[in-house]
Amino acid sequence: MIVSAEGPDTTIGLLIDERGDRRLLADFFGELGYRVTGGSAHTVDVTQFDTASLLIVDEQAARSFADTLLALKRATEPVALPILVVVPDRARSADWIRRGFDDVLRAPLTKDELLVRVEAHLRLRATSERAARESAEKFRQTFDLAPSGIAHTAMDSTVLLVNARMCEMLGYTEQELIGRKFVDFTYADDISATLGYRHKLLAGGSEREVVEKRYVRKDGGILWAELIVSMVRDAE
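What this report covers is the structure whose coordinates are included nearby.

What counts, and at which threshold
- Residues numbered from 1 in each chain as written.
- Predicted model: local features only at pLDDT ≥ 70, side-chain atom pairs only at ≥ 80, totals over all residues.
- Heavy atoms only, no water.
- Axes fitted to C-alpha atoms, helices over the stretch in contact; angles between N-to-C directions.
- Helix = DSSP H or I, 4+ residues; strand = E, 2+ residues; numbered from the N terminus.
- Parallel < 35°, antiparallel > 145°, perpendicular 65-115°, else oblique.
- Left-handed = near helix turned anticlockwise from the far one by under 90°.
- Contact = heavy atoms within 4.5 Å.

Observations regarding the packing of helix 1 (residues 19–31) against helix 5 (residues 111–145)
Argument step 1. Relative orientation of the contacting elements helix 1 and helix 5 amounts to 65°, with a least axis distance of 12 Å. By the angle between their directions, the pair helix 1 and helix 5 is classed as roughly perpendicular. Taken as a pair, helix 1 and helix 5 cross one another with a handedness that is right-handed. Where helix 1 approaches helix 5, its residues L25, F28 and F29 are matched on the opposing element by K111, L114, L115 and V118.

This is how it looks when you write it as structure tokens:
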């Protein structure tokens, strides 16, 4: 059974097995203007909460789906999804925090206590979201206004992001470059060397390569450029 109460942009997810408790929480948050979505852990796809602003789960759901819930939390980084676990009054709380959950709510809860705890986490997330947006805007401004051509590519050299200067250098629009591979714009005699430095980076033999190579512009002209390549590795 899915309980849903329409509200503004903030969505609170409920993964509560007991239908009565779930209904009480849904009604409570719905009356405050939040959008509420959720259900029993055995009937709801946990990954549906990736758009929630905060998630409240009962102890059974936290125990049964801990790996999935924490993976969902990591997937929403850098603004991670806060997950609060509801436990019986005498249950240990430290273990849940060590596992990676954000807070423990001890039942029974008063409405005031519940609201204070939930809104504190929502404010923290809002602050993180604002900081992330500002950081992204600053990066984009620096990226777009850079005097040199810059591109971000996937492991197979597919273009993911490109700045205005790079578009100007190659004679293509941003839309024409995104999704294509840089080898498509590389002068034929320089392809082997280009693949060579790429393999060296992938193998971990170097963190940064500097090469001089030729590109083929959209109009057929040849562009000599110094290419500086570095790899950004994720945690895995």
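Next comes the rest of the write-up.
A word on the environment of L14
Argument step 1. By secondary structure assignment, the location of L14 is in strand 2 (residues 11–15).
Argument step 2. Other than its neighbours up to four places away in sequence, L14 contacts R22, L25, A26, V36, T37, G38, G39, F49, L55 and I56.

Description of unusual backbone geometry
A negative phi angle is the norm for most residues apart from glycine, just as the trans form is the norm for most peptide bonds.
Argument step 1. Geometrically, the link from A107 to P108 is a cis peptide bond, its omega value of 0° lying close to zero.
Argument step 2. Note that P108 resides in the loop between strand 6 (103–107) and helix 5.
Argument step 3. Despite not being glycine, S157 has its phi angle at roughly 75°, a positive value.
Argument step 4. Relative to the helices and strands, S157 resides in the loop between strand 7 (151–153) and strand 8 (159–162).

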